[in-house]
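Examination of the molecular architecture
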Amino acid sequence: QVQLVESGGGLVQPGGSLRLSCVASGSVLSIDDMGWYRQAPGKQRELVATISSDGRTNYADSVKGRFTISRDNARNTVYLQMNSLKPEDTAVYYCNAKSVRGRNFYIANPWGQGTQVTVSS
């Protein structure tokens, strides 16, 4: 089996930065796309950024130029560097993976438990 474990959330002032990390634990052999989504109170979960196994990236318009997604395939880890944070970036951020393959398992679409990001003065 596999678990996605996020870290790096917290409270930051507007204009500040945070770096989120998500590691896929377990005997993982390969992962297709990895990505970050977020959900603010009273709103639907939305895409923030995704990255393919060969490094192609996709961003929501609201974070382009401020956030950078990257991954380390050897460590089964995806990162989200968030700069110039705004109060409207406040949300629970969730890690997602597509097509996680191990020696004895396949999981199509696992999610992490979420990490809170709060941008406030």
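Residues numbered from 1 in each chain as written. Predicted model: local features only at pLDDT ≥ 70, side-chain atom pairs only at ≥ 80, totals over all residues. Heavy atoms only, no water.

Description of the overall build of the protein
Selection criterion: Secondary structure is summarised from DSSP: a helix means a run of H or I of at least four residues, a strand means a run of E of at least two, and numbering begins at the N terminus for each. Each radius of gyration reported is based on C-alpha atoms, and the globular scaling rule is 2.2 Å times the count of residues to the power 0.38.
Across its full length, the protein holds zero helices and 13 strands. The order of helices and strands in the protein, counted from the N terminus, is β-β-β-β-β-β-β-β-β-β-β-β-β. A globule of 121 residues ought to have a C-alpha radius of gyration of about 14 Å, and the protein, at 14 Å, matches this closely. Taking the principal axes of its C-alpha atoms as reference, the protein extends roughly 45 × 25 × 20 Å.

Let's talk about the sheet that holds strand β11 (residues 100-102)
For clarity, the threshold we go by: Two strands form a pair only when DSSP identifies at least two bridges running between them.
Spatially, three strands are ordered β4-β11-β12 in an open sheet, and the strand pairing comes out antiparallel. Edge positions in the open sheet fall to β4 (28-31) and β12 (106-107), since each of these has one partner strand only. Here three bridges tie β4 to β11, and the two strands are oriented antiparallel to one another. Note that in β11 the partner of serine 30 across the bridge is arginine 101.

Remarks on the sheet that holds strand β1 (residues 3-7)
Counted only if it meets this: Only the contacting stretch of a helix is used when fitting its axis, a line to C-alpha atoms as for every element, and angles between N-to-C directions run 0 to 180 degrees.
Taken together, four strands build an open sheet; the order of strands is β1-β3-β9-β8 and the sheet is antiparallel. The two strands at the open ends of the sheet, each matched to only one other strand, are β1 and β8 (67-72). The sheet shows a mean angle of 15° between the axes of neighbouring strands, taken without regard to direction.

A closer look at the state of the cysteines
This is how the line gets drawn: Two cysteine sulfur atoms make up a disulfide if the distance between them is within 2.5 Å. For each residue, the accessible area found with a 1.4 Å probe, counting protein chains only, is set against the maximum for its type, and the residue is called buried under 20%, exposed over 50%, and partly exposed in between.
Overall, the coordinates contain one disulfide when judged by the stated rule. Residue cysteine 22 pairs covalently with cysteine 95 via a disulfide, S to S 2.1 Å. Disulfide cysteine 22-cysteine 95: torsion about the S-S bond near -80°, hence left-handed. Separated by 73 residues along the polypeptide, cysteine 22 in strand β3 (residues 18-25) and cysteine 95 in strand β10 (residues 91-97) bring together distant segments of the chain. Cysteine 95 shares its class with cysteine 22; the two are buried.

A look at the side chain of serine 21
The test is simple: Between two residues, a contact is recorded if the distance between any of their heavy atoms is within 4.5 Å.
Examined against the element boundaries, serine 21 turns out to sit in strand β3. Apart from residues lying up to four places away in sequence, serine 21 is in contact with Val5, Glu6, Ser7, Trp36, Val78 and Tyr79.

Observations concerning the packing of aromatic side chains
The test is simple: Any two of the Phe, Tyr and Trp rings considered here, Trp counted by its six-membered ring, make a pair once their centres fall within 6.5 Å; the pair's planes then place it as stacked at under 30 degrees, edge-to-face at over 60, or tilted in between. The rule is short: NZ of Lys or CZ of Arg within 6 Å of the ring centre and within 35 degrees of the ring normal puts a charge over the ring.
Under the definition given, this model contains one aromatic pair. In this structure, arginine 19 is placed above the aromatic ring of tyrosine 79, and the distance from its NZ or CZ to the ring centre is 4.1 Å. Between the NZ or CZ atom of arginine 45 and the centre of the ring of tyrosine 94, over which it lies, the distance is 3.7 Å.

Topic: the nonpolar core
Note the threshold: Take the buried residues of types Ala, Val, Leu, Ile, Met, Phe, Trp, Tyr and Cys, join any two whose side-chain atoms come within 4.5 Å, and each joined set is a nonpolar core.
Counting 32 residues, the largest nonpolar core has Trp36, Leu80, Met82 and Tyr93 as its most contacted members. Elements with a minimum of two residues in this core: β3, β4, β5 (34-39), β6 (46-51), β8, β9 (77-82), β10 and β13 (115-119).

Some points on the pattern of salt bridges
How we decide: Salt bridges are defined as contacts in which a side-chain nitrogen from Lys or Arg sits within 4 Å of a carboxyl oxygen from Asp or Glu.
Following the criterion strictly, the structure yields seven salt bridges and no others. With its nearest N and O atoms 3.1 Å apart, the salt bridge here joins arginine 56 to aspartate 54. The class of aspartate 54 is exposed, set by a relative accessible area of 55%. Through salt bridges that share partners, Arg38, Glu46, Arg66 and Asp89 make up one connected network.

So far we have only geometry, and geometry alone does not tell us how the molecule works.
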